[in-house]
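# Results of the structural survey
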Amino acid sequence: MVKLTINGRVFQAQPCDTVLAVAQKAGINIPTLCHSEAVHDYGACRICLVEVERRGRKRLVTACLYPVEEGLSVTTDSERVTKVRQIVIELLLARTPTSEEILALAERYDVTESRFSDMEGNNGDKCILCGLCTRVCSDVVGVNAISLVNRGTKREVALPFYDDETACIACGSCAYICPTSAITLTDSADCRTITWPNSKADFPMKECSSCGTHYAPVKQLQYMAEKAHLSISEFDYCPDCRH
Ligand code: SF4
Ligand code: FES
């Protein structure tokens with residue numbers, strides 16, 4: 001165990017813990033956008049910046065990536081931290097001026113406008129390039145249907161060649177995990193539509209052989225059957241009619 005302080009309070013933690021994990025466990029709020037316990041951290045959004053002091057030297061670090069250590073002193077809400085978070089929010093706001101989540105964050109930190117609105121690369125979509133969708137797709141679902149492509153101001157989330165949804169199983173994990181609603185999922189009678197910032201695809205839904213409900217994407221069921229070594233006929237009935 002190591003001993004550290006966060007905002008003057010003393011904590012014991014495992015050496016493998018991050019500052020964010022210790023703070024969250026103690027109920028100390030540090031804003032996050034690109035962090036999820038479901039996937040590995042990546043440090044993309046920078047909103048979780050905190051100030052750490054080690055051997056008399058202070059610096060800003062991302063709480064989601066920074067490991068705790070003996071004697072570390074962390075401040076989550078100093079004036080310096082707040083100022084840097086406000087700049088991060090201005091950059092996010094410039095990129096995604098219509099995202100409700102980012103607007104709420106801006107309100108919380110008294111950011112009313114962005115000095116960076118005219119910057120190249122602000123294309124008006126809601127994606128903040130946090131990479132949660134691509135990480136959940138590869139790390140949790142295991143299909144790598146989408147990825148972050150291009151560099152610099154042209155960086156974006158995309159299907160292969162922008163329109164090849166072959167690998168996608170329509171599970172919707174990317175839409176559920178996206179912190180800014182940049183990816184949407186709509187289920188109509190017999191079709192699931194997923195809309196990514198630069199692409200859109202329709203997926204047929206499986207019809208229950210008993211009640212006729214279209215209950216899950218066919219591709220998702222095929223994937224589950226393959227992974228579990230089951231016959232696809234095991235999914236002929238929806239969960240309600242299966243019992
Ligand atoms: S689409 Fe959403 S989850 Fe994916 S990188 Fe953009 S903001 Fe993050
Ligand atoms: S939550 Fe830490 S960098 Fe995004």
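Our subject is the structure that appears above.
First, a word on what this report is: a plain description of the structure on this page. Quick caveat, the model's predicted, so the values are computed rather than measured.

### A closer look at the site of ligand 1
Taken together, the neighbourhood of ligand 1 is formed by 13 residues, with Cys127, Cys130, Gly131, Cys133 and Cys178 sitting nearest. Here the residues of the shell around ligand 1 are counted per class, giving eleven nonpolar, two polar and no charged.

### Some thoughts on the pairing of strand E3 (residues 49-54)
Looking at chain direction, E3 and strand E4 (residues 57-62) are connected through six bridges and run antiparallel. Residue pairing across strands places Glu53 opposite Lys58, the latter belonging to E4. From the end of E3 to the start of E4, which pair antiparallel, there are two residues, and Arg55 there has a positive phi angle of about 45°. Relative to strand E5 (residues 73-75), E3 is paired through three bridges, and the arrangement is antiparallel. From the neighbouring strand, Val52 faces E5, where its bridge partner is Val74.

### Quick notes on the nonpolar core
One finds Val143, Ile146, Cys174, Ile183, Ile194, Trp196 and Phe203 to be the most contacted residues of the largest nonpolar core, which totals 25 residues. Mapped by element, the contributors of at least two residues to this core are helix H4 (132-141), helix H5 (173-177) and strand E10 (200-207). Looking at this core, the element that brings in the most residues is H4, giving three residues. Look past the residues within four positions of Val143 in its chain and what remains in contact with it is Cys137, Ala167, Ile169 and Tyr223. Val2, Leu4, Val22 and Leu72 belong to the second largest nonpolar core, which has 21 residues in total.

Scoring rules and cut-offs
Residues numbered from 1 in each chain as written. Chains lettered and ligands numbered in written order. Predicted model: local features only at pLDDT ≥ 70, side-chain atom pairs only at ≥ 80, totals over all residues. Heavy atoms only, no water. Near = heavy atom within 4 Å. Nonpolar A, V, L, I, M, F, W, Y, C, P; charged D, E, K, R; others polar. Pairing = 2+ DSSP bridges. Helix = DSSP H or I, 4+ residues; strand = E, 2+ residues; numbered from the N terminus. Core = buried A, V, L, I, M, F, W, Y, C linked by side-chain atoms within 4.5 Å. Buried < 20%, exposed > 50% of the residue type's maximum accessible area, 1.4 Å probe, protein only. Contact = heavy atoms within 4.5 Å.

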